[in-house]
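Remarks on the overall topology
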Amino acid sequence: MSILPLSLDEVSFRAGDRALLDGISLTIESGPKTVILGANGAGKSLLLRICHGLLGPSGGKVRWAEGTTRQYERQAMVFQKPVMLRRSVAANVAYGLRLRKIEAGERARRVADALRRTGLTDFADQPARLLSGGEQQRLALARTWALEPEILFLDEPTANLDPGATRAVEEIVSGFHDSGAKIVMTTHDIGQARRLADEVIFLHRGRVAERAGADRFFAQPSTEEAAAYLRGDLLW
Amino acid sequence: MGQAFVLALQLIAALDAELLEIIARSFAVSLAAVAIAAAIGLPAGAALAVYRFPGRRAVIVLVNALMGLPPVFVGLLIYLFLSRAGPLGFLGLLFTPTAMIIAQAVLVTPIIVAICHRLTRDLYEEYRDQLCSFGARPHDAVRTILWDARVSLVTAVMAGFGRATAEVGAVLIVGGNIAGLTRVMTTTIALETSKGNLALALALGLILVLTAIGVNAVAMSLGGVSAYRRG
Amino acid sequence: MVRRLSVPVVAPVWAPVWALVWALVWAGAPVQAPAHAQDRFITLASTTSTDNSGLFAEILPRFQAQSGIAVRVVAVGTGQAIRLAERGDADVLLVHHKPSEEKFVADGFGLERHDVMYNDFVVVGPAADPAGIKGMVRAREAFAKIARGRHLFVSRGDNSGTHRAEQSIWRASGSDPAAGRGKWFREAGAGMGAALNTASGMNAYILTDRGTWTSFSNKGSFAVLVEGDPALFNQYGVIVVSPERHPHVKADAANLFVAWLTGAAGQAAIAAFRKRGRQLFTPNAKPSTGN
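This structure is a prediction, so every number in the text was calculated from the model and none was measured.

Regarding the interface of chain A and chain B
Often, the extent of an interface is quoted as the loss of accessible area on bringing the components together. Facing 25 residues of chain A, the contacting portion of chain B comprises 21 residues. For the pair chain A and chain B, the two sides together bury roughly 2100 Å², of which 52% comes from carbon and sulfur. Summed over the shared surface of chain A and chain B, the result is three salt bridges. Between B:E126 and A:R129 there is a salt bridge; the shortest N-O distance is 3.0 Å. Applying the counting rule to chain A against chain B returns 10 residue pairs in polar contact (both at pLDDT 80 or more).

Printed below as a string of structure tokens:
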């Protein structure tokens, strides 16, 4: 049984008097790559953290199809600035597997596979902290790859990367999708959204302004805010 | 001062057997005390950084206050426990190196807890979301940040070692400064001072300083190598 | 040891851990070793004045060679030494304040008290002698003169045997030094040697036992000013801690030690002990008391 779909019911998040997220109701099904698009400060990252369970909502409910006490075991997240554990590249990948008590043989197999998929095999014994930014983000993806999650959240994974590294990350993300994992990714890069998205959730000032298939969204956005964002207008 | 320096060099050069024995005993006692303190203090410090529980702030304040425990007070406390008339008197540990190890461990543990807490707190701040996302539970997080902070934690252990080798009040009371059994560098310095052998006392002090510098240099260079290797 | 040292080179990260483990093992060794090599030892609570003079370092090895019993000396002030013995933390007591020693025995903490040896106290101070006490015969008169002139005086202030001797001289002098406390009357609260350092630093008068004074190396411009008064007599006594009060006390070994110390061999060893060419203690055990 799958933990998907994930449903959010009237989710809000407040910091003091300000509502950073307000009245968000969404159902995220398995299948299409979902891109959450929006300007900086629209609440994309916050929404992703609430979905993943790192933060609890101030109001509303987050529900998985299959309630599980160990919610993290079947999902994973890649952060904008990946945290590299102070150990080797291979040990970084093995870390999450150890927590899940995956036995040594299987662990070695998955580590090798994840490193190969992300092109990091040659770096296996290097200290993770000495990798370049792009390599670190690939390692972050390798770590999640090894965990074989049903759903993968990515929070602006290429925001700090150059085009070459961005391309490598996007290819790996597509590989995730092809292997059957559900992708939910935030970005403020319209080009990246065009390249990757099957469907778009457009977030504006803490609310879902529009949700549509990628083709339709980019061809004919139904809200003025989305249209303005796609034109490159400043929305604030 | 110059006379003391010459004397210190002469003592080192002569490899005086009694002096070497005293230095070795100082190291053995302090290393054992620091090992015990680290075994308790490092997990405790990291746990303070990870776990959230009522009274946590109070514990942190207390630990920081205990860093400044007067050695004489600790010595007296341990003495009362280990004395034949005290609750642990039956162990017969008073005036033995073991008693000195216990006293130093009590002195050093709060230091290691406090420094370890400060060092791991920042690291955990950085790691928290990532570890949480991996599904790490608090005790997993404690182990992870201890391992990942290992290079900087050498500082905490060295600070503890410095305190242990430098203190005199506690070991004097519980060790008794018995020649050949519980006489260490600091108690020898106190003894020679009271005999009026100021130059000899100063020379011993210089040797203590030199060994401290040596130990720290070794620890630093190991930390440096490790930092380079592990990034 | 050399083999162990190669470990850090191989795995630098593990070096501190290794060092600690190694230290634990190694530190444990001397702790356990005496259980075999030196299982015959007694703990002697004594005074800094005797220990600092070097007497014990000289005579105890002779006793050990003869008996196989090691004597571990804990040197503190007489007051603290008696308290240690009362709590059962020593097997034998060797101090120098007869009234306290007799009370210790009377209270049931110790067996018989034996005289061992004596030396004397001396009043020392700056050779320039601002109070003008040099050559005075009576210590109490010298003290009275110091008090009248409000000249600096360092008191032990630590309940030691010397401190008590000092207090009885002050009582006999008819002056009350407490009035000058913090002004000319300075209480060091320290051992004999430390107090001598203090007095030397302040150019103050001080009462000291002759043993510590003779072996003291930081004399500076200080000199002995008053000596020879019978009131300055300094008797040392030895007492075995009562095994009835503290069953763990090694009374047999302790009795052997006292018998040796007060017997011919011990007394001869005390008489033979010299520091800077001077005999520091005069043995005076009564032959009848040796058991």
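Next comes the rest of the write-up.
Points about the sheet that holds strand β1 (residues 6–15) of chain A
Residue and element names in this part refer to chain A. Strand order across the open sheet formed by three strands is β2-β1-β4, with antiparallel pairing between neighbours. Looking at which strands have only one partner, the edges of the open sheet turn out to be β2 (18–28) and β4 (59–64). Strand-to-strand twist in this sheet, taken as the mean axis angle between neighbours without regard to direction, amounts to 20°. Two elements, β1 and β2, share seven bridges in a ladder whose sense is antiparallel. Residue S7 lies in a different strand from β2, and its bridge partner there is T27.

Some thoughts on the nonpolar core
Ranked by size, the top nonpolar core spans 68 residues in total, and within it A:L139, A:L141 and B:L131 carry the most contacts. When neighbours within four sequence positions are excluded, A:L141 is seen to be in contact with A:V78, A:T118, A:L152, A:L154, A:V169, A:I172, A:V173 and A:F176. Ranked by size, the runner-up nonpolar core spans 38 residues in total, among them B:V29, B:A99, C:A90 and C:F109.

Re the pattern of salt bridges
With the rule as written, the count across this model stands at 31 salt bridges over all chains. A:D22 is the partner of A:R207 in a salt bridge, and the nearest nitrogen-oxygen pair spans 3.2 Å. Pair noted here: A:R207 is in strand β9 (residues 207–213) and A:D22 is in strand β2, with a separation of 185 residues, a long-range link. On the basis of relative accessible area, A:D22 is assigned to the partly exposed category, the value being 25%. The partner of B:R128 in a salt bridge is B:E125, with the nearest N and O atoms 2.9 Å apart. Residue B:R128 and its partner B:E125 are both found in helix α5 (residues 97–134); the two are separated by three residues, about one turn of the helix.

Brief notes about the confidence of the model for chain C
Residues and elements named next belong to chain C. Averaged over all residues, the pLDDT of chain C equals 86, while 85% of them reach at least 70. The least confident element of chain C is helix α1 (residues 2–10), whose mean pLDDT is 30; the most confident is strand β3 (residues 92–95), at 96. Of the regions scoring below 50 in pLDDT, residues 1–15 engages in 13 contacts with residues more than four places distant in sequence or in other chains. Taken as a whole, residues 28–38 scores under 50 in pLDDT and shows eight contacts with residues more than four places along the chain or in a different chain. Both scores are given for the predicted complex: the pTM is 0.83, the ipTM 0.89.

With respect to the sheet that holds strand β5 (residues 75–78) of chain A
All names here are of chain A. Taken together, the six strands give an open sheet; going across it, the order is β5-β6-β7-β3-β8-β9, and neighbouring strands pair in mixed fashion. Bordering the open sheet on either side are β5 and β9, each of which pairs with just one other strand. Taking each pair of neighbouring strands and ignoring which way they run, the sheet shows an average axis angle of 15°. Taken strand by strand, helix α1 (residues 44–52) contacts β3 (34–37), β5, β6 (151–155), β7 (182–187) and β8 (199–204), and its axis lies near 155° from that of β6.

About the thresholds
Residues numbered from 1 in each chain as written. Chains lettered and ligands numbered in written order. Predicted model: local features only at pLDDT ≥ 70, side-chain atom pairs only at ≥ 80, totals over all residues. Heavy atoms only, no water. Contact = heavy atoms within 4.5 Å. Buried area = accessible area lost by both parts, 1.4 Å probe. Salt bridge = Lys/Arg side-chain N within 4 Å of Asp/Glu carboxyl O. Polar contact = N/O pair within 3.5 Å; in protein donor to acceptor, adjacent residues only side chain to side chain. Pairing = 2+ DSSP bridges. Helix = DSSP H or I, 4+ residues; strand = E, 2+ residues; numbered from the N terminus. Axes fitted to C-alpha atoms, helices over the stretch in contact; angles between N-to-C directions. Core = buried A, V, L, I, M, F, W, Y, C linked by side-chain atoms within 4.5 Å. Buried < 20%, exposed > 50% of the residue type's maximum accessible area, 1.4 Å probe, protein only. pLDDT = per-residue confidence, 0-100.

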